[in-house]
Amino acid sequence: MDNAFNESTGYAIIAAMAPHPLPRVGAETHLRDDLMFDSIRLIELAMALERQFRLPALDLNESADLTTAGDVLNLVRRQLETGGGA
């Protein structure tokens, strides 16, 4: 898989993994309140993002700052910019 960051792919992965999918997932969509992610589903989401973008392990459960889909994609982007991707 290509590790080049693609925001629409990131949102599509989040939407596909969501326990309560919405017609549109964007930067302000809340992971827990809107999409009903729980801790197990967040682990599964992290693994899917790691595979797609070839990232080291992400811990989406440990960061209180990650409340929206945009927060998650910003983390992915930062990991790729700092050489976190393969």
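Our structure's up above, just so we're on the same page.
Below you will find a few notes about this structure.

Here we come to the overall build of the protein. What the protein contains, in helices and strands, is three helices and zero strands. Along the three orthogonal principal directions, the C-alpha set of the protein runs to about 30 × 25 × 20 Å. Within the protein, the fraction of its 86 residues that count as buried is 37%. A total accessible area of about 4900 Å² is found for the protein, and carbon and sulfur atoms account for 50% of it. Here the protein carries 7 positive and 13 negative side-chain charges, and the mean point of each set is 5 Å from the other.

Core analysis: the largest hydrophobic core is formed by 25 residues, its most contacted members being Ile 14, Phe 37, Leu 45, Leu 49, Leu 58 and Leu 60. For this core, the secondary-structure elements that each account for two or more residues are helix H1 (7-17), helix H2 (39-53) and helix H3 (69-81). Setting aside residues up to four positions removed in sequence, Leu 49 forms contacts with Ile 13, Arg 54, Leu 55, Leu 58, Val 72 and Val 76.

So, on to H3. Note that an α-helix has 3.6 residues per turn; residues three or four places apart therefore point the same way. For H3, spanning 13 residues, the distance from its first C-alpha to its last is 18 Å, which sits close to the expected 18 Å at 1.5 Å a residue. Residues of H3 that are buried include every one of Ala 69, Gly 70, Val 72, Leu 73, Leu 75, Val 76 and Leu 80, and no others. Positioned one or two residues after H3, Gly 83 has a phi angle of 85°, which is positive.

Looking at where Asp 33 falls in the secondary structure, it is placed in the loop between H1 and H2. Residues Asp 33 and Thr 67 lie 34 residues apart in sequence; the distance between their C-alpha atoms is 8.9 Å.

Criteria and cut-off values
Residue positions within a chain follow its written sequence, with the count starting from 1. Only residues with pLDDT of at least 70 are given local features in this predicted model, and only at 80 or more are side-chain atom pairs given and counted; all residues enter the totals for whole chains, interfaces and linings. Side-chain metrics rest on all non-hydrogen atoms present in the structure, leaving aside hydrogens and water. A run of DSSP states H or I qualifies as a helix once it reaches four residues; a run of E qualifies as a strand once it reaches two. Both are numbered from the N-terminal end. In this scheme, a residue with accessible area under 20% of its type's maximum is buried, one over 50% is exposed, and one in between is partly exposed, where area comes from a 1.4 Å probe on protein chains only. Accessible areas in this description were obtained via Shrake-Rupley with a 1.4 Å probe; residue shielding takes into account the shown protein chains only. Neither His nor the chain ends is counted toward charge; the positive residues are Lys and Arg and the negative residues Asp and Glu. To locate a charge, take atom NZ for lysine, CZ for arginine, CG for aspartate or CD for glutamate. As used here, the term nonpolar core means buried Ala, Val, Leu, Ile, Met, Phe, Trp, Tyr and Cys residues forming a set that is joined through side-chain atoms within 4.5 Å. The contact rule is simple, with two residues in contact once any of their heavy atoms fall within 4.5 Å. Expected helix span is taken as 1.5 Å per residue step, with the number of steps being one fewer than the number of residues.

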